[in-house]
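For reference, the chains in residue letters:
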Amino acid sequence: MTRYVMVADLQRCVGCQTCTAACKQANGTLPGVQWRRVMDIEVGEFPNVKRVFLPTGCQHCGDPPCETVCPTKATYTRDDGMVMIDYDLCIGCAYCALACPYDARYKVEDPKFAYGDEPMPHEVHAFDEKMIGVAQKCTFCVDTVDEGIAAGLTPGVDPEATPACVNSCISGALIFGDRDDPNSPASRALAESEHFRMNEEAETDPGFYYLWDKKAEGLQ
Amino acid sequence: MKNPHAAKRGPRPRVQTNWDYRAACNFIGGGTGTGLLIAAAFLAWFDLPVLASLLIGLTAVGFGLLMVLWEIGRPWRSINVFFNPKTSWMTREGILAMPLFFFGGVGVFFYDNVYQGISIGLATTTVAGIVAAGYLYCQLRMLNASKGIRAWSEPSVRPYMFITGVVEGLGLTLCLPGIGTNLGVWLALAVLLIVRAYLWLAYGQNLHKNNASVGTCKVIDQFGRQYFTAGHLLPIGLLVLAWLTSTLLPAYVAGILASAYGWYAKYTIVNRAAQTWGFAIPRTPVRGGGESLVLGSQQ
């Protein structure tokens, strides 16, 4: 089996938001829509306070509640674990957005552009009427991944088959790959590091891992 | 240009903005409408006039569905809502709406007709009441299946939503001609109000116990005090007053208060208290020579 997952190394992330910008450029999302976000979080209690940069977005869950609740079957899970939306089926009820414990879904009713109602030339190029009034979210750059695989490339290894956020990350904090392939960059990173997943209580089997330390010697 | 959305999605829990008052109206109309139909199904067996209950109940359910149609982004594709009966409670709600309107409609139009000794009104009202209970169940499961909103995914919201639907329906039923004088209806409403108050208190306590966000608990707690007094104690007091003085007006006011506060509570649950999870990490990363700070599952 194949299960594509994202791994974020919190030790490396510097909160530069390059991944966010790369995602917006690659997917042409409108202002206010951020499929890949980086949270700037302050945690702890004085004097033990720390600042953490937390990349987030759709977690491509193994048991996605968005898919369960969707009345139209617009949301579905591919065999490789990626959770997708069929924009032609979606009725824009936003039920999926409320079922998501990761606040990862968006619905744009009234499109606004970077400088108001009139789009810039590059926004005209990127604008897709199909995306208005329906749910949208991170796709793990599915077109890039699929085209890369078709060309014999390996997602997570070859940039031409890897999501834009991962390619753009200046510190190598974002890692993509097949969790079920022990040689993929994602599997190796998970094997070498201590990690957690967010909001585990929701029991959705998220496909987004966070590394927080190297594993102690002998435990790898 | 200021981004109107950016500030709303921070690391902390925020009030959801995907479902507004129109979605709340679906739960209000659906709950009250099905409550009226369930009440009608019971009362019809005691020879009470339930035609108005049927009519108002169907109108309320229809009103709720129209508000949903207004809310969704692609209303012309709304037929797609029927595509996922296997797992989606929204699909199931949509499917049950059809027999609900069919049997309710037949009941309205052939209320006084008798076929081979069987009262069409009684038969169809009974079936409509059973279907209405199913519809109400779908609504509460629909709310409860929203894992992203703790105020909705809390399991104790289910019995509360069912009982408040019945209370809202019975509250309005009590104000209808030919029914308001029935002491049994008064007693049933008083008992159901006590049950609703208990379920509301249990719901609020469970939100605290199961780590709902501070904002959610604050809204529910603040509203709860007013709700308990004006939505439960006062109507029960008014029903007692109506019984002691043999006057109808206090009973009518009690019925309206019981219903109206149920609607306000639904608006509170669906809109004001509906916060997202936020982003809680169990620990911080080790950076430089520092150590990881263990935070637990919630911040």
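Before reading further, recall that the structure is shown in the block above.
## Overview of the overall build of chain A
Across its full length, chain A holds 7 helices and 10 strands. In terms of C-alpha radius of gyration, chain A reaches 18 Å, essentially the compact-globule figure of 17 Å for 220 residues. Taken along its principal axes, the extent of the C-alpha atoms in chain A is 55 × 45 × 35 Å. Counting over 220 residues, chain A shows a buried share of 50%. The long-range share in chain A, meaning contacts at least 24 apart out of those at least 6 apart in sequence, stands at 55%.

## As for unusual backbone geometry
Residue and element names in this part refer to chain A. In this structure, P47 follows F46 across a cis peptide bond, with omega equal to 5°. One can find P47 in the loop between β2 (36-45) and β3 (48-57). Look at A94: it is not a glycine, yet its phi comes out positive at around 65°. Here A94 shows up in the loop between β5 (83-85) and α3 (95-99). Despite not being glycine, N199 shows a phi value in the positive range, around 50°. Mapped onto the fold, N199 is located in the loop between β9 (193-196) and β10 (208-214).

## What to know about helix α5 (residues 142-150) of chain A
All names here are of chain A. Restricting attention to buried positions, one finds in α5 the residues T144, V145 and G148. For α5, the arc enclosing every buried residue in end-on projection is 100°, short of the 170-degree limit, so these residues lie on one face. In this structure, α5 carries D143 and A150 as exposed residues pointing more than 90 degrees from its buried face. Following α5 by one or two positions, G152 adopts a phi angle in the positive range, close to 85°.

## Here we look at the environment of T284 of chain B
Mapped onto the elements, T284 of chain B comes out in the segment after α9 (249-272). Taking the number of C-beta atoms within 10 Å as the measure of exposure, T284 of chain B has 24 and is therefore buried. Between the C-alpha atoms of T284 of chain B and L241 of chain B, which are 43 residues apart in sequence, the distance is 61 Å. With near-sequence residues (within four places) excluded, T284 of chain B lies in contact with V43, K50 and V52 of chain A together with S292 and L293 of chain B.

Each value, and the rule that gives it
- Residues numbered from 1 in each chain as written.
- Chains lettered and ligands numbered in written order.
- Predicted model: local features only at pLDDT ≥ 70, side-chain atom pairs only at ≥ 80, totals over all residues.
- Helix = DSSP H or I, 4+ residues; strand = E, 2+ residues; numbered from the N terminus.
- Rg over C-alpha atoms; globule rule 2.2 N^0.38 Å.
- Buried ≥ 20, exposed ≤ 12 C-beta atoms within 10 Å, placed from the backbone.
- Contact = placed C-beta atoms within 7 Å.
- Arc of directions from axis to C-beta.

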